[in-house]
Amino acid sequence: MTESYGWVPEGVDITVPDASRVYDYALGGVHNFAVDREFWHRAEKLFPDARLVARANRAFLGRAVRRLAADGVRQFLDIGSGIPTLGNVHEVAQEADPEARVMYVDIDPIAVQQSRSLLAGNPYARVIEGDLRKPDGILYHPQVLDLFDFSEPVAVLTVAVLHFVPDEADPAGLLRRLGEPLVSGSYLVISHLGPDATPEGREAQERARALYEKTPTPVVIRTREQVAALIGDDFELVEPGVVTASEWQADPDEAGDPPQATALVALARKRDARS
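Since this is a predicted model, take the numbers as computed values, not measurements.

Student: Teacher, can you tell me more about the overall build of the protein chain here?
Tutor: Along the backbone of the protein chain there are 10 helices and 8 strands. The principal-axis extents of the C-alpha atoms in the protein chain amount to approximately 55 × 45 × 40 Å. Burial analysis of the protein chain (275 residues in total) assigns 51% to the buried set. Expressed as a percentage of contacts within the protein chain between residues at least 6 apart in sequence, the contacts between residues at least 24 apart total 72%.

Student: When you look at the packing of helix H1 (residues 19-26) against helix H2 (residues 34-46) in this model, what are you seeing that I'm missing?
Tutor: Angle between the axes and distance between the axes are the two parameters that describe a pair of packed helices. Running from N to C, H1 and H2 cross one another at 70°; their axes reach a closest spacing of 9 Å. Classed by the angle they form, the pair H1 and H2 counts as roughly perpendicular. In this structure, H1 meets H2 at a crossing whose hand is right-handed. Across the interface between the two elements, Arg-21, Val-22, Tyr-25 and Ala-26 of H1 pack against Asp-36, Arg-37, Phe-39, Trp-40 and His-41 of H2. In the contact of H1 with H2, the residues fall into 5 nonpolar, 1 polar and 3 charged.

Student: Quick question: what am I supposed to make of unusual backbone geometry here?
Tutor: Cis geometry marks the peptide bond from Glu-239 to Pro-240; its omega dihedral reads 10°. Examined against the element boundaries, Pro-240 turns out to sit in the loop between strand E6 (235-237) and strand E7 (243-244). Of note in the backbone geometry, Ala-160 takes a positive phi value of approximately 55° without being a glycine. Within the element layout of this structure, Ala-160 appears in the loop between strand E4 (155-159) and helix H8 (171-179). A relative accessible area of 13% places Ala-160 in the buried class. One non-glycine residue with positive phi stands out, namely Asp-170, at about 55°.

Student: I tried to follow helix H3 (residues 50-70) on my own but got confused; where do I start?
Tutor: Note that an α-helix has 3.6 residues per turn; residues three or four places apart therefore point the same way. In this model, H3 (21 residues) spans 31 Å end to end at C-alpha, consistent with the 30 Å of a helix rising 1.5 Å per residue. Phi turns positive one or two residues past the end of H3, at Gly-72, with a value near 100°.

Student: Help me understand the nonpolar core, please; the structure alone is not making it clear to me.
Tutor: A general tendency of soluble globular proteins is for nonpolar side chains to be buried together. If you look at the biggest cluster of nonpolar residues, it comprises 48 residues, and the most contacted ones within it are Val-65, Leu-68, Phe-76, Val-89, Leu-157 and Val-189. A per-element tally of this core places H3 first, with 10 residues. Apart from residues no more than four positions distant in its own chain, Val-89 is found in contact with Leu-61, Val-65, Phe-76, Asp-78, Val-102, Tyr-104 and Leu-157. Formed by 31 residues, the second largest nonpolar core is a distinct cluster that contains Leu-139, Leu-188, Ile-231 and Leu-264.

Reading the values: the criteria
Residues numbered from 1 in each chain as written. Predicted model: local features only at pLDDT ≥ 70, side-chain atom pairs only at ≥ 80, totals over all residues. Heavy atoms only, no water. Helix = DSSP H or I, 4+ residues; strand = E, 2+ residues; numbered from the N terminus. Buried < 20%, exposed > 50% of the residue type's maximum accessible area, 1.4 Å probe, protein only. Contact = heavy atoms within 4.5 Å. Axes fitted to C-alpha atoms, helices over the stretch in contact; angles between N-to-C directions. Parallel < 35°, antiparallel > 145°, perpendicular 65-115°, else oblique. Left-handed = near helix turned anticlockwise from the far one by under 90°. Nonpolar A, V, L, I, M, F, W, Y, C, P; charged D, E, K, R; others polar. Expected span 1.5 Å × (residues − 1). Core = buried A, V, L, I, M, F, W, Y, C linked by side-chain atoms within 4.5 Å.

Structure (structure tokens):
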């Protein structure tokens, strides 16, 4: 029996799994449907570490935002944000500065509508519907231009989203376009699905990847070198470079999930125009 919710925007097909809602369920969220939950359980059965990878990505996002906020960054553009869950970007950023500005962007109308409801009353955190593959529609969206001051650094967050962008869509070019209007001292934050470390793990991962081929958002697995190549010349990798999420400034106070080789992450800083 198909679920029916009054809050679903008209024209949205909830019989097809959506990546943002699947991720929401993987992280323990409640803004998802039976089709998303069923898909996740099938993927997790094929690749048992899938939930740990999702958790590693989420933990990295929190650490990266805290690091950037400590460095004085006060503007965060979270592309492919899904639905804000526990430890979301605006909570972390506004803990450092209550006036830190966060713009969430997602392609899923349901994620946008739910996010808008959750953000009601927060003047410094907003959400728009947008597509990473159409960067100008994000950068020059009226709400983005109203919220952000592009004469100041901006952190562009692309966490667990670039592996849904195929090579033919030119993900490196998309990141380059997103970085063009940013001043030096701005940042790119990336997490990306990489190959498992063992032959058995790679076989399991490939079975899960094949499952995603049946959805509107197939998955592309990229190596560390391929992830680094997406960043381009306008940004420089911050140490330790492209590493696993558990290797990136691990917090000793965090609960100790086993390291996940497939959760690749990186932080890159916009170069000075004179360099």
